[in-house]
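# Summary of the model geometry
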Amino acid sequence: MGRGILLTANLPQLQNLIKRDPQAYKEEFLQQWNHYNSIREIFKIHPDEQAQHFRELVSFISQVATCYPKETADFPAQISSLLLENYGTLSPESRKILVQNLVILRNKDVISSIEWCLFPILPRTTSPTLRTFIRKTILSDIRTANLRSKNHKLNRAVQAMLFGMVECGMEAEVLGDKGKLRSTSGPTTDGVTQNGEEAMWAVILTKELWRKGIWTDDKSVAIIALGCFHPVSKVQSASIHFFLGSDDDKEESDNEEEIDVRALHHRREINKKTRSGDKKMQKVLNAAKKKKHKPAAAAVNFPALQLLHDPQTFAEKLYDSLNRYDKRFSLDHKILIMQLLSRIMGAHKLCVLSFYTYIIKYLTFRQLRVPAILVALAQSVHDLTPPDAVTPVVRKLAQEFIHPGVGSEVIAAGLNAIREVCRRQPWSMEDDLLGDLIEYRKSRDKAVTAAARGLLQLFREVNPGMLKRKERGKDASMGLTGGRQPLPFGHSSNPAMDIEGLSLLEDHLQRLRDEEGVVLGDNEEDESVWEGWDVESDSSDSESDSDEEWHNVSDDDHDIVISDSEDEAKSDAPARISTLATTKILTPADFALINDLRIQAASKAVENGGGSHAKRKLAALEADKKSAQSTEQNDSFISEYDILGPRKKAKSDYAERMASIQKGREGREKFKSNKGKIKKEVASSSTNREKARNKPIMMILSSGVVRGKKKASLREKQQKLRKHIETAKKTRR
């Protein structure tokens, strides 16, 4: 037998020889390549004929494709077209082998990540194993490409592909998720489902890449934002959950489990000692140590809600979808849309006034999931919301939830909801209604009392003028007496003329430039930009010169008023306006530095004897910084617990009672009592003496023995005492 026949019959041996010396075995490879092309044409017509041999040839060529790049230049395109065009007719094993060989070609850098055809295959496959393999492969490839630095070319190409997958089904009819509409979609003749599988997988991949910190830009947010308006409700739900911060998809991700080091050492002591076991254990320990000391991933500066493009248009489209397809969506889906809309309105301070008209019909205490609806209502209100749009909602809440015909939990929920709405827009409350609501602080129910007191305390802080004089409290009454009045809607106490503390940042940056030796240009423009730096030094020199001589000052027939107040003296000084904002884009880090510089300047002024004004300013700055840190740590959105308030322990239903009974029966033999059988050789019940010792006192008092002692005569008592003495003498002997 010749060499060619032997190598043709043994492809793994030929593969090994080609990898050692490609040029020596090029003839044999070309023979196999021509054989592959002929079988491929047959395989297109009859996929079941010679399928095993075709799979072996494909695996062979994938392994040696790097040795003959010119001859196998069209091989990846052929495999991709075969997968895409004949996916429905291929057997599951053939699909798996072709996908695996595409991955091998990608790992050998024969094809790039952009040339992959795995994205269209992902929604078409029905095998869970193959789908998981494709998903993990795509995610790991994109993660590897962005490991050292962002691969913008790959990211833009993949994002454009995912955007197209979401956009391809946007023109279809909105089906909804209610009743029969859910089952109208189904598979078509080509095997591709019409129920938004492509869009669903695009959203899932984008969410996974965002969660892993690989994609953190606005384009990935735009893909999921487009999914919020997809006709298929499950795509909408997945997209909305992303913006709401839901953790439902975390279970599907391949999270790495924590390594228990103590368990590893214990297992190593018990098992057989081998060198390979030592190496494996050391490898796992090194990985655990590396994972422990690995720094945490940097948090994104802006969450997904802040990266939305044109939030006002997005919110209006979201409300139009909610209002137009109100009959087609289920209640749970409508509540999801309400929550997303309210969070966007609260985060960006948007006004979608029709939303308050729409939500009024759901504000009844009999409505299912009404706490979630009240949360959405409260989150949508902010200080720029017109009070005229919110006042009917507050009135509706008071009429439906707060009256004697409902339970205490309903009243507490209504009061808490009104408090949260008025916290964001106090001018939406009416005087008469506020007086009636505050009277509930005298209720006997704890939750109602706490809610009414919270509402009272809120208006003592924001607008005590709406309260009666006896309800204002000491601090609010003193503030009103001193002339402190709340500003009307749309007014600001301190109009913004300049960024406060910007001059301190300008001085700080100039000081850093001087230390590093950076010299600005000598032209007139640079000098005009930094003009006014030596104002304080010039003024100090003039003051020192003026102290040497006396000057006559005329009052121009006006009385000179001399004040000892340091605040008035400092308020007359002209404020310096910095021009740094016209030459530099300020980042969040710059604003944080400005706050620190202001605190440092205020503390320095206090040390130099700045007086009470400087101390008050320092205390205010520190309080602002502390409150800002607390708001960053705590979520600014409210929860259903804030609406429901403290509740009594709810009465257990039948299922909970039966579960408690079954739990109490665990460890008991045939549900019998173990009393009297503990620490006994022979199982028996308690004796009569033990039973008499444990009798209740009231039963003993009414027994015949006790009654006989009370009715005994003097003679009987003497006989009993004498008998007791004789018995005692016998025991002493």
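The structure under discussion appears in the preceding block.
None of these values were measured; they are calculated from a predicted model. Numbering of residues starts from 1 in every chain and runs along the sequence as written. Local features in this predicted model are restricted to residues of pLDDT 70 or higher, and side-chain atom pairs are both shown and tallied only at a pLDDT of 80 or more, whereas totals for entire chains, interfaces and linings draw on every residue. To obtain the side-chain values, all non-hydrogen atoms of the structure were used and water was disregarded.

The next thing to look at is the overall build of the protein chain. A run of H or I in DSSP becomes a helix once it reaches four residues, and a run of E becomes a strand once it reaches two; helices and strands are each numbered from the N terminus. Helix and strand content of the protein chain: 35 helices and zero strands. Buried means the residue's accessible area, taken with a 1.4 Å probe over protein chains only, is under 20% of the maximum for its type, while exposed means over 50%, and partly exposed covers the values in between. Classification of the 733 residues of the protein chain by burial places 34% in the buried group. Excluding contacts between residues fewer than 6 apart, the proportion of contacts in the protein chain whose partners are at least 24 apart in sequence is 69%. Using a 1.4 Å probe, accessible areas were evaluated by the Shrake-Rupley method; residue-level cover was limited to the displayed protein chains. Carbon and sulfur atoms make up 52% of the accessible area of the protein chain, which amounts to about 48,100 Å² in all. We call two residues in contact whenever any of their non-hydrogen atoms come within 4.5 Å of each other.

Here we take up the packing of aromatic side chains. The geometry of an aromatic ring pair is captured by two quantities: the separation of the ring centres and the angle between the planes. Under the pairing criterion, centres of Phe, Tyr and Trp rings, with the six-membered ring standing for Trp, must be within 6.5 Å; the plane angle then separates stacked pairs below 30 degrees from edge-to-face pairs above 60, leaving the rest tilted. On inspection of all chains with the given rule, the structure shows 16 aromatic pairs. Ring centres of Phe29 and Trp33 lie 6.4 Å apart, and the angle between their planes is 25°; this geometry places the pair in the stacked category. With Phe29 and Trp33 both in helix 3 (residues 26–45) and four residues apart, this pair spans about one turn of that helix. Both residues of the pair, Phe29 and Trp33, belong to the buried class. Ring geometry for Phe29 and Tyr68: centres 4.3 Å apart, planes at 15°, overall stacked. Note that Phe29 is positioned in helix 3 and Tyr68 in the loop between helix 4 (51–64) and helix 5 (75–85), a separation of 39 residues in sequence. On the basis of relative accessibility, which here comes to 2%, the residue Tyr68 falls in the buried class. Here, a charge over a ring means that NZ of Lys or CZ of Arg falls within 6 Å of the ring centre while also lying within 35 degrees of the ring normal. The ring of Tyr87 has Arg95 lying over it, and the distance from NZ or CZ to the ring centre is 4.5 Å. The ring centre of Phe229 lies 4.7 Å from the NZ or CZ of Lys317, which sits over that ring.

The next subject is helix 5. Those residues of helix 5 not exposed but buried are Phe75, Pro76, Gln78, Ile79, Ser80, Leu82 and Leu83. Packing partners of the buried residues in helix 5 comprise helix 3, helix 4, helix 6 (92–107) and helix 7 (118–121).

Each salt bridge in this description consists of a side-chain nitrogen of Lys or Arg and a carboxyl oxygen of Asp or Glu lying within 4 Å of one another. The tally for this structure, following the rule as stated, stands at 21 salt bridges. When the shortest N-O distance is used, the salt bridge between Arg211 and Glu208 registers 3.1 Å. Taken together, the positions of Arg211 and Glu208, both in helix 10 (residues 197–211) and three residues apart, correspond to about one turn of that helix. Taking relative accessible area as the criterion, Arg211 reaches 34% and is therefore assigned partly exposed. A salt bridge links Arg395 to Glu430; the nearest nitrogen and oxygen atoms lie 2.6 Å apart. Within this pair, whereas Arg395 is found in helix 19 (residues 387–401), its partner Glu430 is found in the loop between helix 20 (408–424) and helix 21 (431–438), the two being separated by 35 residues in sequence. Note on Glu430: relative accessible area 32%, which makes it partly exposed.

With that out of the way, let us pick up the side chain of Asn86. Tracing the chain through its elements places Asn86 in the loop between helix 5 and helix 6. The exposure class assigned to Asn86 is buried, which follows from its relative accessible area of 19%. Here Asn86 is in contact with Lys44 and Ser81, once residues within four sequence places are set aside.

So, on to a nonpolar patch on the surface. Without a salt bridge and with relative accessible area above 30%, a residue can belong to a patch; like charges are then joined within 9 Å and nonpolar side chains (Val, Leu, Ile, Met, Phe, Trp, Tyr) within 5 Å. On the surface, a cluster of nonpolar side chains totalling about 180 Å² of accessible area is made up of Ile259, Val261 and Val284. The topology assignment puts Val261 in helix 13 (residues 261–270). What makes Val261 partly exposed here is its relative accessible area of 35%.

A separate point is the packing of helix 15 (residues 311–324) against helix 16 (residues 331–348). One can describe the packing of helix 15 onto helix 16 by two numbers: an axis separation of 10 Å at closest approach and a directional angle of 155°. Classified by the angle between their axes, helix 15 and helix 16 sit roughly antiparallel to one another. Taken as a pair, helix 15 and helix 16 cross one another with a handedness that is left-handed. Residues Pro311, Phe314, Ala315, Leu318, Tyr319 and Leu322 of helix 15 pack against Lys334, Ile337, Met338, Leu340, Leu341, Ile344 and His348 of helix 16. Its residues assigned to classes, the contact of helix 15 with helix 16 shows eleven nonpolar, one polar and one charged. The axes are straight lines fitted to the C-alpha atoms, using for helices just the contacting stretch, and the angles between their N-to-C directions are given from 0 to 180°. For this classification, under 35 degrees means roughly parallel, over 145 means roughly antiparallel, 65 to 115 means roughly perpendicular, and everything else is oblique. The handedness criterion is simple: a crossing whose near helix is rotated anticlockwise from the far helix by less than a right angle is left-handed, and one whose near helix is rotated clockwise is right-handed. Note on residue categories: nonpolar means Ala, Val, Leu, Ile, Met, Phe, Trp, Tyr, Cys or Pro, charged means Asp, Glu, Lys or Arg, and polar means any other residue, Gly included.

Turning our attention to the nonpolar core. Among buried residues, those of type Ala, Val, Leu, Ile, Met, Phe, Trp, Tyr and Cys that are joined through side-chain atoms within 4.5 Å constitute a nonpolar core. Core analysis: the biggest nonpolar cluster contains 142 residues, and Phe243, Leu340, Ile418 and Met429 have the highest contact counts within it. With nine residues, helix 10 is the single largest residue contributor to this core. In this structure Met429 touches Val394, Ile418, Cys422, Leu434, Leu437, Phe459 and Met466, once residues within four positions along its chain are discounted. One finds Leu505, Leu509, Ile594 and Leu597 within the second-largest nonpolar core, a separate group that totals seven residues.

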